[in-house]
Each structure stands twice: as C-alpha cells, then as structure tokens.
Amino acid sequence: MADKTFYFLTFLTLLFALLVVFSKNPVYSVLYLILTIFCLSGHYLLLNAQFLFAVNIIVYAGAIMVLFLFVIMFLNLREDAEPQKSTASKLAAVVAGGMLLVVMVAALRRVDAGSYNPATYNSQIGLVENLGKVFLGTFCCRLNWLRSCS
Amino acid sequence: MEEIPGVIRTIPLNHYIFFSTALFVIGIVGVLVRRNALIIFMSVELMLNAVNLLLTAFSAYRSDASGQVFVFFIMAVAAAEVSVGLAIIVMIYRNNRSVDIGILNRLKW
C-alpha cells in the first residue's frame, strides 16, 4: 500500500513539475507549482516528517506561492507577450538536461545508500517535539558556544 | 520506538535519490528553456524542493533529526530569497516593461 502511494505521488509530482516548466501561461505555472508542492508535502507525510509537512504547506503553498501569484497578477503578463527561444536552443537545453539526468543516474545507480537500522530506528524524529529539542537544544548550544568564542 | 513507516520499510533509499535527481533536472531544464524571469525563478524553487526532499529522506531513513532541521533552515532562507528576488523582478519590469531575460544582456555594458 505504502509503495503504491509513493509511486503514485512521485508520478504526480514529476508530471506537475513538467507542467510548471512547459505551460504557456505563467498563472497556470504557479498553480501547477502549488500542486507540486502539495505532492511533496505528501511525500513528507509518508516519511513521517509531520513538522516539515505543515511548514511546507504553510510557507511554500501559503506564503511563497501567494507572493508569486500576486506579482504575476500585478505585472499583468500575457501568454503571447513572452518571446520564445529558438527551437534549436530549446532542444539543446532539453538534451543538456537529459544528459545530466543520465549521468547522475548512471553515477548513483550502484551506490549503496544504506537503509534503516531496525534496532535503533525511531519513527518520532520528524515530530515537533523532537525537532524542537534538536533545534533549540543542540543547535542553540552550538550557537552560544560560537558566540562565547568570539 | 513506534512502528516503522511503510514507505521506509518497502521503498529503497535509491528511489528517493532518483526521484530527487529527476525533479532537480526538471528545474534545470526550466531555467534553460524559458525566457520569462518568473518561470526561471519558479524552476529554482523546484530545485530547492528536490534538495529538501532528499535531505528529508536521508534524515528519515537514518533516523537523524539534523537533516530535517537543515530543511527548515533552507525553507526560511528560500522565503527570504523569494521576497528579494520578486522585488528585483518587479523593478526590472518597471524599467523595461517586460520580464524577458533576453533584454537583460545590456547589463554587460
């Protein structure tokens, strides 16, 4: 069940990301970017990173995308106003991106990324309580230490 | 020590690496293909999100909370960066009546 959800969300995310890049109207691009970000939030939820799920929706879908939408409405861009690049340079861009993808996949295909350790696994690390402890405990201690050094 | 999430049990970490790579490459292609500065900016956001997802995936698989704290920092910086960048784009539009990056090559002189 979980793996089917993962692959479905992955497919949706990549589809919406492609639509962001290739849709003609900038307003549609922003709307597809919002959908992409909601799909990524679903990925965070699957990974049990609930704090990042909430922050992603609030900060990205709630604040950044509204800012984008506001600027696009403000500038009043029309879809025919954007001059297109020549077909050759578009093709070159897509080929360059595709070759980067091929190189990265070939380099990372055999890499042993490791996996979870069932003995020490803690599924609660993405929750607000634990992240707050790490954020205000460990990281703030280091900041205070840096300040006392200077 | 609760139950391990189903995704972490069934999906290998390599699939997250490939997925993030694909999302990052889509962002790069967007930067290279489009001429509208706003769309280019959105593609940069896509790349940032790909990196965020990979950091979260590694953090969740390794059960180490530092990665998710880094993602939180990245989100804070991205929000600040978007506000500054959009202000720059609005000023470019007020000067040129267009957000086409082809016009910006006069920055050379």
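Analysis parameters
One numbering rule holds for all chains: residues counted from 1, following each sequence as written. Just so you know, chain letters begin at A and ligand numbers begin at 1, following the order they were written in. Reporting in this predicted model follows two pLDDT cut-offs: at least 70 for local features of residues, and 80 or more for side-chain atom pairs to be given and counted; totals over whole chains, interfaces and linings ignore these cut-offs and use all residues. To get the side-chain values, take all heavy atoms of the structure and skip hydrogens and water. Helix and strand labels come from DSSP, where a helix needs a run of H or I of at least four residues and a strand needs a run of E of at least two; each type is numbered from the N terminus. Radius of gyration here is computed from C-alpha atoms only, and the compact-globule reference equals 2.2 Å multiplied by the residue count raised to the power 0.38. With a 1.4 Å probe rolled over the protein chains alone, any residue whose accessible area is under 20% of its type maximum counts as buried; one over 50% counts as exposed, and the rest are partly exposed. Note on contacts: a residue pair qualifies if any of its non-hydrogen atoms lie within 4.5 Å across the two residues. Each accessible area is a Shrake-Rupley estimate made with a 1.4 Å probe; only the visible protein chains count as cover when residues are assessed. The length a helix should cover is 1.5 Å for every residue beyond the first. We call Phe, Tyr and Trp rings a pair once their centres come within 6.5 Å, taking the six-membered ring for Trp, and we label the pair stacked below 30 degrees between planes, edge-to-face above 60, and tilted otherwise. Confidence of the predictor in every single residue is expressed as pLDDT, which spans 0 to 100. Polar contact criterion, stated in full: a pair of N or O atoms within 3.5 Å, where within protein one must be able to donate a hydrogen and the other to accept it, and residues adjacent in sequence count only if both atoms are side-chain atoms. In this text, buried Ala, Val, Leu, Ile, Met, Phe, Trp, Tyr and Cys residues form a nonpolar core when linked through side-chain atoms within 4.5 Å.

### Quick notes on the overall build of chain B
- Looking only at helices and strands, chain B has four helices and zero strands in total.
- Along the chain direction, N to C, the helices and strands of chain B fall in the order α-α-α-α.
- Whereas a compact globule of 109 residues would reach a radius of gyration of roughly 13 Å, chain B reaches 18 Å, over 25% beyond that.
- Once the C-alpha set of chain B is aligned to its principal axes, its extents read approximately 60 × 25 × 20 Å.
- Taken across its 109 residues, chain B has 56% of its residues classed as buried.
- Sequence-distant contacts in chain B: of pairs separated by 6 or more residues, those separated by 24 or more amount to 55%.
- Total accessible area on chain B stands at roughly 4,700 Å², and carbon and sulfur atoms take up 66% of it.

### Description of helix α2 (residues 26–46) of chain A
- Here α2 of chain A is 21 residues long and its end C-alpha atoms lie 30 Å apart, about the 30 Å a rise of 1.5 Å per residue gives.
- Once α2 of chain A finishes, N48 of chain A follows within two positions and takes phi at roughly 65 degrees, a positive value.

### Looking at the packing of aromatic side chains
- For the structure on display, the rule yields nine aromatic pairs over all chains.
- For the ring pair F6 of chain A and Y7 of chain A, a centre distance of 5.1 Å and an interplane angle of 75 degrees mean the geometry is edge-to-face.
- Overall, the relative accessible area of 2% leaves F6 of chain A in the buried class.
- Judged by centre distance (6.1 Å) and plane angle (20 degrees), the rings of F16 of chain A and Y32 of chain A are stacked. Of the two residues, F16 of chain A is situated in helix α1 (residues 2–22) and Y32 of chain A in helix α2; the sequence distance between them amounts to 16 residues.
- Linked through ring pairs, F6 and Y7 of chain A together with Y16 and Y61 of chain B together constitute an aromatic cluster.

### Some points on the confidence of the model for chain B
- In the predicted model, chain B carries a mean pLDDT of 89, and 96% of its residues have values of at least 70.
- Highest mean pLDDT in chain B belongs to helix α2 (residues 13–33) of chain B (94); lowest belongs to helix α1 (residues 6–10) of chain B (80).

### Here's the deal with the side chain of N14 of chain B
- Relative to the helices and strands, N14 of chain B resides in helix α2.
- Overall, the relative accessible area of 16% leaves N14 of chain B in the buried class.
- At 3.4 Å, the side chain of N14 of chain B and the backbone oxygen of V111 of chain A are in polar contact.
- Each residue touching N14 of chain B, except ones within four places of it in the same chain, is listed here: L108, R109, V111 and A113 of chain A.

### Some thoughts on the nonpolar core
- Core analysis: the largest hydrophobic core is formed by 61 residues, its most contacted members being F68 of chain A together with Y16 and L38 of chain B.
- Broken down by element, this core gets its largest block of residues, 11 residues, from helix α3 (residues 37–62) of chain B.
- When neighbours within four sequence positions are excluded, Y16 of chain B is seen to be in contact with F6, H43 and L47 of chain A together with V7, I11, L53, L54, A57 and Y61 of chain B.
- Membership of the second largest hydrophobic core comes to six residues, among which are I125 and V134 of chain A together with A65 and V69 of chain B.

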